[in-house]
Amino acid sequence: MQAEVLQGGFAKAPIDAAVAFRAAMQVMARPGCIETVSGGKPPAPMSVAAGVLVLTLCDPETPVHLAGALDCQPVRDWITFHTGAPFVDADTAMFAIGRWADLTPVTRFAIGTPEYPDRSATLIVECDALGEGHRLSGPGIKDTASLALPEVEVFQNNALLFPLGLDFFFCAGDQVAALPRTTKVEG
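Keep in mind that this is a model prediction, so the values were computed, not measured. (Residues numbered from 1 in each chain as written. Predicted model: local features only at pLDDT ≥ 70, side-chain atom pairs only at ≥ 80, totals over all residues. Heavy atoms only, no water.)

## Quick word on the overall build of the protein
- For the protein, the count of helices and strands is six helices and nine strands.
- Since a compact globule built from 187 residues should have a radius of gyration of about 16 Å, the 16 Å found for the protein is in line with a globular shape.
- If you line up the protein on its principal axes, its C-alpha atoms span 45 × 30 × 30 Å.
- Sorting the 187 residues of the protein into buried and exposed places 48% on the buried side.
- Relative to all contacts within the protein whose residues are 6 or more apart in sequence, the contacts with residues 24 or more apart total 69%.
- A total of about 9,200 Å² of accessible surface is found on the protein, and carbon and sulfur atoms cover 54% of it.
- One finds the centroid of the 12 positive side-chain charges in the protein at a distance of 7 Å from the centroid of its 21 negative side-chain charges. (Helix = DSSP H or I, 4+ residues; strand = E, 2+ residues; numbered from the N terminus. Rg over C-alpha atoms; globule rule 2.2 N^0.38 Å. Buried < 20%, exposed > 50% of the residue type's maximum accessible area, 1.4 Å probe, protein only. Contact = heavy atoms within 4.5 Å. Areas by Shrake-Rupley, 256 points an atom, 1.4 Å probe, with all protein chains shown as cover. Lys, Arg positive; Asp, Glu negative; His and termini not counted. Charge placed at Lys NZ, Arg CZ, Asp CG, Glu CD.)

Now the structure itself:
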């Protein structure tokens, strides 16, 4: 096992994980909000933010799908060492990580069932930058919020599936934002 695999985890796991979990829940509860996270240092091409989410949300019972350039041996080894999460195909993943072009079409990911809507996938989308863009409304947003999204129609259709659907985290460097299935998106 290479030394790089052993590095990049939380230095103070209980504290770092709690801080990261709070940031993840904050952005999910307040769509359009962007938080800065730290504590994890995954191998390239995974961003710090995506690595922190993996360290916080994944464990040996959390199936992960890696897409595109993220599906490489250094990232696989790092996730395996730090979380023990198994790697699976898109249709059985609880978390999927990759760039938008590599994650689409999103219809191949689980959206839950009427009995168990929580059995859906969460996509961690690697981006070049996060910022304002499309108009958001819904739970957790006082009037409206704004977040640049890779395409509008996918997110509009996803919101129509509620209570089923996908949830999304967007990562760029050490920044993270989220878009839950309850959020309505306007172009």
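## A look at the sheet that holds strand β5 (residues 134-137)
- The three strands lie next to each other as β6-β5-β9, forming an open sheet whose pairing is antiparallel. Looking along the sheet, the strands with just one partner apiece sit at the ends: β6 (145-147) and β9 (184-186). On average, each strand axis in the sheet is inclined to that of its neighbour by 35 degrees, with strand direction left out of account.
- Where helix α6 (residues 152-160) meets the sheet, it contacts β5 and β9, and its direction lies at approximately 150 degrees from that of β9. (Pairing = 2+ DSSP bridges. Axes fitted to C-alpha atoms, helices over the stretch in contact; angles between N-to-C directions.)

## Here we look at the pattern of salt bridges
- Per the counting criterion, the structure on display carries three salt bridges.
- Here R181 and D167 are joined by a salt bridge, their closest N and O atoms 2.9 Å apart. With R181 in the loop between β8 (175-179) and β9 and D167 in strand β7 (residues 167-172), this pair connects stretches of sequence that are 14 residues apart.
- Assessed through its relative accessible area of 13%, D167 is described here as buried. (Salt bridge = Lys/Arg side-chain N within 4 Å of Asp/Glu carboxyl O.)

## Remarks on the pairing of strand β4 (residues 122-126)
- Among the five residues in β4, five count as buried, and that is most of the element.
- Because side chains alternate across β4, one face comprises the buried residues T122, I124 and E126, and the other comprises L123 and V125, equally buried.
- With five bridges joining them, strand β3 (residues 95-99) and β4 adopt parallel strand pairing. The residue bridging R99 from the neighbouring strand is E126, located in β4.
- As paired strands, β4 and β7 are joined by five bridges and run parallel to one another. The residue of β7 that forms the bridge with T122 is D167.

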